[in-house]
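Descriptive structure summary
Listed here are the chains, written in short residue letters.
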Amino acid sequence: MYKTMVTEKKNVFERLRSGEPVNMFEPAYGAAVEEMNRTRTAIFDINQMRPDYIKVHDAFDRLFNEPMHETTNITTPCQIDFANQVKLGKHVFINHSLTLMSAGGVTIDDGVQIGPQATIVTTNHDLKDHNTLLCKHVRIKRNAWLGGRVTVMPGVTIGENAVVAGGALVVKDVPDNAVVAGVPAKVIKMIE
């Protein structure tokens, strides 16, 4: 009974971030559908813009409903499904063709660099009920570097100063100062 009372007080975005099961057909999920549609429409418009840094940066400010730091840059095109679940630090650079499935929340700290065609996933589905989302937050800590075509799966934390080699599939946490590579990614060395 207590769990039900707590769930009723949280909005759908808080529930997604906390990892609570959320059925896509429950009435509360309507707010998530509205945010997904708002984000997808804004991303479509951003991806059609000429690559003018100031105009694109301003469009991302509107997408995230708050100013993106002037030193942060996302190169288009990209795909993001829940902009209100994304937090970006300063001096972040994200190269083209990012796919960000962010319903469970994504935090990208200061100084992070992400190569082209990276994918960050926070969403999974219940094995017995595919209409139920099971999300886990992803965090990429300060000064981490993700190479091209890296995939980061739900619940993963990439440590400070870590390097993820191109093409890696990251399914578990990466320690600070580690270099990981492979499918699935494994530590291949530590940075002194």
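In this convention, every chain numbers its residues from 1, walking through the sequence in written order. In view of the model being predicted, local features appear only for residues whose pLDDT reaches at least 70, and side-chain atom pairs are presented and counted only at 80 or more, with totals across whole chains, interfaces and linings using the full set of residues. Excluded from the side-chain calculation are hydrogens and water; included are all heavy atoms of the structure.

**Let's talk about the overall build of the protein chain**
- Within the protein chain one finds 4 helices and 19 strands.
- A radius of gyration in this sense is built from C-alpha atoms; the matching globule rule multiplies 2.2 Å by the number of residues raised to 0.38. Relative to the 2.2 N^0.38 estimate, which gives 16 Å for 192 residues, the radius of gyration of the protein chain is 17 Å and therefore close to what a compact globule would have.
- Dimensions of the protein chain along its principal axes, counting C-alpha atoms only, are 50 × 40 × 25 Å.
- Under the scheme applied here, a residue whose accessible area is under 20% of the maximum for its type counts as buried, over 50% as exposed, and between as partly exposed, the area being computed with a 1.4 Å probe on protein chains only. Counting all 192 residues of the protein chain, 41% fall into the buried class.
- Here the protein chain displays about 10,400 Å² of accessible surface, and carbon together with sulfur accounts for 55% of that area.
- The convention is simple: Lys and Arg are positive, Asp and Glu are negative, and His and the chain ends are not counted. Lys charges are placed at NZ, Arg charges at CZ, Asp charges at CG and Glu charges at CD. Computing the positive centroid from 21 side-chain charges and the negative centroid from 21, the protein chain places the two 4 Å apart. Going along the chain from the N terminus, every DSSP run of H or I of four or more residues is numbered as a helix, and every run of E of two or more is numbered as a strand. Here, Shrake-Rupley sampling with a 1.4 Å probe gives the accessible areas, and only protein chains in the shown set may cover a residue.

**A closer look at the sheet that holds strand β12 (residues 138-140)**
- DSSP bridges decide pairing: two strands pair if at least two such bridges lie between them. If you trace the 4 strands from one edge of the open sheet to the other, you get β4-β7-β12-β15, paired in parallel fashion. The open sheet has two edge strands with one neighbour each: β4 (86-88) and β15 (157-158).
- The sheet contact formed by β4 and strand β7 (residues 106-108) spans 3 bridges and is parallel. The partner of lysine 87 across the bridge, within β7, is threonine 107.

**Regarding the pairing of strand β6 (residues 98-101)**
- Of the two faces of β6, only one is covered, namely that formed by Leu98 and Leu100; the face formed by Thr99 and Met101 stays uncovered.
- Bridge count between β6 and strand β9 (residues 119-121): 3 bridges; the pairing is parallel. Paired with threonine 99 across the bridge in β9 is threonine 119.

**Side note on the confidence of the model for the protein chain**
- Across the protein chain, the average pLDDT comes to 94, with 96% of residues at or above 70.
- Scored from 0 to 100, pLDDT records how confident the predictor is in each individual residue. Whether two residues are in contact is decided by their heavy atoms: any pair within 4.5 Å suffices. Note that pLDDT drops below 50 for residues 1-7; the model gives that stretch 2 contacts with residues more than four away or on any other chain.

**A closer look at the packing of aromatic side chains**
- To pair, rings of Phe, Tyr and Trp, with the six-membered ring standing in for Trp, must have centres within 6.5 Å; the planes then decide the type, stacked if under 30 degrees apart, edge-to-face if over 60, and tilted in the middle. One pass over the structure, following the stated rule, counts 1 aromatic pair.
- Here phenylalanine 60 and phenylalanine 64 contribute two aromatic rings whose centre-to-centre distance is 6.1 Å and whose plane-to-plane angle is 15 degrees, an arrangement assigned as stacked. Pair noted here: phenylalanine 60 and phenylalanine 64 are both in helix α4 (residues 53-64), with a separation of 4 residues, about one helical turn. Accessibility assignment for this pair places phenylalanine 60 and phenylalanine 64 in one class, buried.

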